Amino acid sequence: MVTPDDVLSFWLDECQPADWYKSDPDFDAMITDRFADAWRLAHEGALGLWLTYPSGTLAYIILTDQFPRNMFRDTGQAFATDQVALAAAKMAIDRDWDMKIDEPARQFFYLPLMHSENLCDQDRAVRLIHSRMPATGAHNQDHACAHRAVIRDFGRFPYRNAALGRRTTPPEQAFLDAGGYRAAIQAVQGAADSHDLAASS
């Protein structure tokens, strides 16, 4: 039986921050081998005890928000537990449990908000990363702003459409053809650079 400590030891100690967002088939396979059974239990609602303390909730969020993106990459199942991860994150944030976890691991309380196709959640993610990750949040802040910009423009993430069997609209296709998320993050970073240049002038 996988425990919260198993999840945290793997993700925060065995892995490096560079591993958290990489796309690598061997890494994805390792996560699947070690944690797929635990993810299925969470999907079935069997890991509620993990949600009774801060580090257990962090492990639950990593298991249900991060790991499926590795285990089920490019399929609809990658998003199957997003809603339970989001509910866990909101509960933890409301209790200030996120503040009991050191940076940079604290970011995983905010990523379910960033992954949500809801603008209110996106706004909250930007605010939380800005206010609660002073030491390590700059990189996350750019990505939070980029995610929010996509939701503001489309109300959903067009690059999920194929995996979820959704019809892509012409404006969404134009966005994807122009680079999709890569273009969105570059626009945010370019705007930040322009702002910094103007402030120093």
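For clarity, every value in this text was computed on a predicted model and none was experimentally measured. (Residues numbered from 1 in each chain as written. Predicted model: local features only at pLDDT ≥ 70, side-chain atom pairs only at ≥ 80, totals over all residues. Heavy atoms only, no water.)

(A) Broad picture of helix α6 (residues 119–132). Its 14 residues give α6 an end-to-end C-alpha distance of 20 Å, which sits within 8% of 20 Å, the value for a rise of 1.5 Å per residue. Close packing links the buried residues of α6 with α4 (82–94), α5 (111–114) and α7 (138–154). N-cap assignment for α6: the residue whose side-chain oxygen lies 2.9 Å from the backbone N of C120 is N118. (Helix = DSSP H or I, 4+ residues; strand = E, 2+ residues; numbered from the N terminus. Expected span 1.5 Å × (residues − 1). Contact = heavy atoms within 4.5 Å. Polar contact = N/O pair within 3.5 Å; in protein donor to acceptor, adjacent residues only side chain to side chain.)

(B) Expanded view of unusual backbone geometry. E103 connects to P104 through a cis peptide bond whose omega is 0°. By the element assignment, P104 lies in the loop between α4 and α5. At D74, a position not held by glycine, the phi torsion is positive, near 65°. Assignment of secondary structure puts D74 in the loop between α3 (54–71) and α4. Judged by its relative accessible area of 72%, D74 is exposed. (Buried < 20%, exposed > 50% of the residue type's maximum accessible area, 1.4 Å probe, protein only.)

(C) Structural view of the packing of aromatic side chains. Taken as a whole and judged by the stated rule, the model has 15 aromatic pairs. Seen from their ring centres, F10 and W11 are 6.2 Å apart, and the 35° between their planes marks the pair as tilted. Residue classification places W11 among the buried residues on the basis of a relative accessible area of 0%. Here F154 and F175 contribute two aromatic rings whose centre-to-centre distance is 5.1 Å and whose plane-to-plane angle is 50°, an arrangement assigned as tilted. One end of the pair, F154, is in helix α7; the other, F175, is in helix α9 (residues 170–177), and 21 residues separate them in sequence. Residue classification places F154 among the partly exposed positions, given a relative accessible area of 23%. The exposure class assigned to F175 is buried, which follows from its relative accessible area of 14%. Every member of this aromatic cluster is reached through a ring pair, and the members are F10, W11, W20, F27, F35, F67 and F108. Stacked on the ring of F27, the Lys or Arg K22 has its end atom at 4.8 Å from the ring centre. (Phe/Tyr/Trp six-rings, centres within 6.5 Å; stacked < 30°, edge-to-face > 60°. Lys NZ or Arg CZ within 6 Å of the ring centre and 35° of its normal.)

(D) View of the nonpolar core. The biggest cluster of nonpolar side chains holds 47 residues, and the ones touching the most others in it are W11, L63 and F67. Elements represented by at least two residues in this core include exactly α1 (4–14), α2 (25–43), α3, α4, α5 and α6. With eight residues, α3 is the single largest residue contributor to this core. If we ignore the near neighbours within four places in the chain, the residues touching W11 are W20, F27, I31, I62, Q66, F67, N70 and F108. Core analysis: the next-biggest nonpolar cluster, separate from the first, contains nine residues, A146, V150, I151 and A184 among them. (Core = buried A, V, L, I, M, F, W, Y, C linked by side-chain atoms within 4.5 Å.)

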